[in-house]
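# Report on the structure
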Amino acid sequence: RKTMELKSVDPRSLQENPDRLRRAKSNPQSDALLLASITAVGIVQPPVVFPAPDGGNGFVINFGHRRVTQAIAAGHEQIEVIVATKAEADHGMSALAENIVREPLNPVDQWRAIERLAALGWTEESIAMALASQVRQVKKLRLLANVLPTMLDHMAKGDMPNESQLRTIAAAAQGEQTEIWKRFKPKKSAPQVSWHQVAHALSKQRMEARHASFGDDLAAAYGIVWQEDLFAPADEDGRYTNEVEAFFCAQREWLANNLPERGTLIGCDQWGQPKLPPKAERAYGSPDPSHHTGWYLDERSGEVKSVAYRLPEVRSSKIAATGE
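Residues numbered from 1 in each chain as written. Predicted model: local features only at pLDDT ≥ 70, side-chain atom pairs only at ≥ 80, totals over all residues. Heavy atoms only, no water.

## Section: the sheet that holds strand S8 (residues 263-265)
With respect to topology, four strands assemble into an open sheet ordered S8-S12-S13-S11, the strand pairing being mixed. The sheet is open, and its two edges are formed by S8 and strand S11 (281-282), each paired on a single side. Where S8 and strand S12 (residues 292-297) come together, three bridges link them in parallel fashion. Among the inter-strand pairings, Leu 265 is bridged to a residue of S12, identified as Trp 295. (Pairing = 2+ DSSP bridges. Helix = DSSP H or I, 4+ residues; strand = E, 2+ residues; numbered from the N terminus.)

## A closer look at the sheet that holds strand S5 (residues 207-208)
Read across the sheet, three strands follow the order S5-S7-S6 without closing on themselves; strand pairing throughout is antiparallel. On the outer flanks of this sheet lie S5 and strand S6 (227-228), each paired with one strand and no other.

## Some thoughts on helix H9 (residues 163-171)
Within H9, seven of the nine residues are buried, which leaves it mostly tucked inside the rest of the structure. Contact partners of the buried residues in H9: helix H7 (135-142), helix H8 (149-155), helix H10 (174-184), helix H11 (195-202) and helix H13 (244-257). For H9, the capping residue at the N-terminal end is Asn 162, with a side-chain oxygen 2.8 Å from the backbone nitrogen of Gln 165. (Buried < 20%, exposed > 50% of the residue type's maximum accessible area, 1.4 Å probe, protein only. Contact = heavy atoms within 4.5 Å. Polar contact = N/O pair within 3.5 Å; in protein donor to acceptor, adjacent residues only side chain to side chain.)

## Quick notes on unusual backbone geometry
One non-glycine residue, Lys 279, lies in the positive phi region at around 70 degrees. With a relative accessible area of 76%, Lys 279 lands in the exposed category.

## What about the nonpolar core?
Core analysis: the largest hydrophobic core is formed by 24 residues, its most contacted members being Leu 144, Val 147, Met 151, Met 155, Ile 169, Trp 195 and Val 198. Put simply, the parts of the chain that give this core at least two residues each are helix H5 (107-119), helix H6 (124-130), H7, H8, H9, H10 and H11. The leading source of residues in this core is H5, at four residues. Each residue touching Val 198, except ones within four places of it in the same chain, is listed here: Ile 169, Ile 180, Phe 184 and Val 193. Counting 15 residues, the second-largest nonpolar core is a separate cluster that includes Phe 214, Val 244, Ala 246 and Ala 250. (Core = buried A, V, L, I, M, F, W, Y, C linked by side-chain atoms within 4.5 Å.)

## Comments concerning the pattern of salt bridges
When the charged atoms of two side chains with opposite charge come close together, those side chains can pair. By the definition in use, this model includes eight salt bridges. Arg 142 serves as the salt-bridge partner of Glu 124, at 3.2 Å between the closest nitrogen and oxygen. Of this pair, Glu 124 sits in helix H6 while Arg 142 sits in helix H7, placing them 18 residues apart in sequence. Linking Arg 239 and Asp 237 is a salt bridge whose minimum nitrogen-to-oxygen distance equals 2.9 Å. You can call Asp 237 partly exposed: its relative accessible area is 30%. (Salt bridge = Lys/Arg side-chain N within 4 Å of Asp/Glu carboxyl O.)

## Digging into the environment of Ser 286
Secondary-structure assignment places Ser 286 in the loop between S11 and S12. Along the sequence, Ser 286 and Ala 308 sit 22 residues apart, while their C-alpha atoms lie 9.8 Å from each other.

## Details of the confidence of the model for the protein
When the pLDDT values of the protein are averaged, the result is 80; 81% of them are 70 or greater. The spread of mean pLDDT over the elements of the protein runs between helix H4 (residues 92-100), the lowest at 45, and helix H12 (residues 216-221), the highest at 95. Here residues 95-102 is a poorly scored stretch, pLDDT under 50, and it has eleven contacts once near neighbours within four places are set aside; other chains count. (pLDDT = per-residue confidence, 0-100.)

Structure follows, in structure tokens:
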């Protein structure tokens, strides 16, 4: 007969189980990842405990020691635990499965978790540190924000393009992705997507050096090699590159590092037009001190562009009600 119940307790009151399965010292990087997760979203799966054998009111941790430790480190005064009987807790297979049979998050779920952390104010550098990963990997996953939602849903099933293909897809406008996806989306007879064909269909021929805001340092970092267009006008920079995805990545990094004060990074809609914040109104004419500036990459040329906009005035409910 099952007697398990969910209970809220102070994690500091829980006693360690001397017979726990996990004896080896945990990896500091794994602990940092768990701490970041608990800080951001709490404990997803409650630890399992059983009543202390001394007959008191305390509980002993059956499994979930790391979650309890990191919950304390995160400053949680109360956490939920599953209280089991001692007989249920002694069921060794449950504890073994708890510690071994765990499926890692797929890249799309990782991206969603990263975006949640970013919304809470975490920087890409701090997220990478917490995940024991590289900033480049975090930036790569954040490219998924530019992927067509229906394409993203398929990727979430585990069928992912490689990094180069993903960068090419993310660099394409949503309208272009929609058209290509109609041609290459999976069928019942062929559930796997040919990402090579998708990326090839979305590849642009070349990007012009005259549209690059980044310098030689980022060009070298992203492996961009400029070629000379011998037919370009003599008074114009005729260099170009076929490394389209690398060009966009260098432009994005330059823009992120050189965003002006009061400037905001914005995206583009399916037609390649700047996507303003909700309720924002595009501003024309001479700049006004109250205007905000949105910076974005032109989906076709790769140029860094800006658009001025104004946000609606915020009026307090009291003023609106009294007219004062």
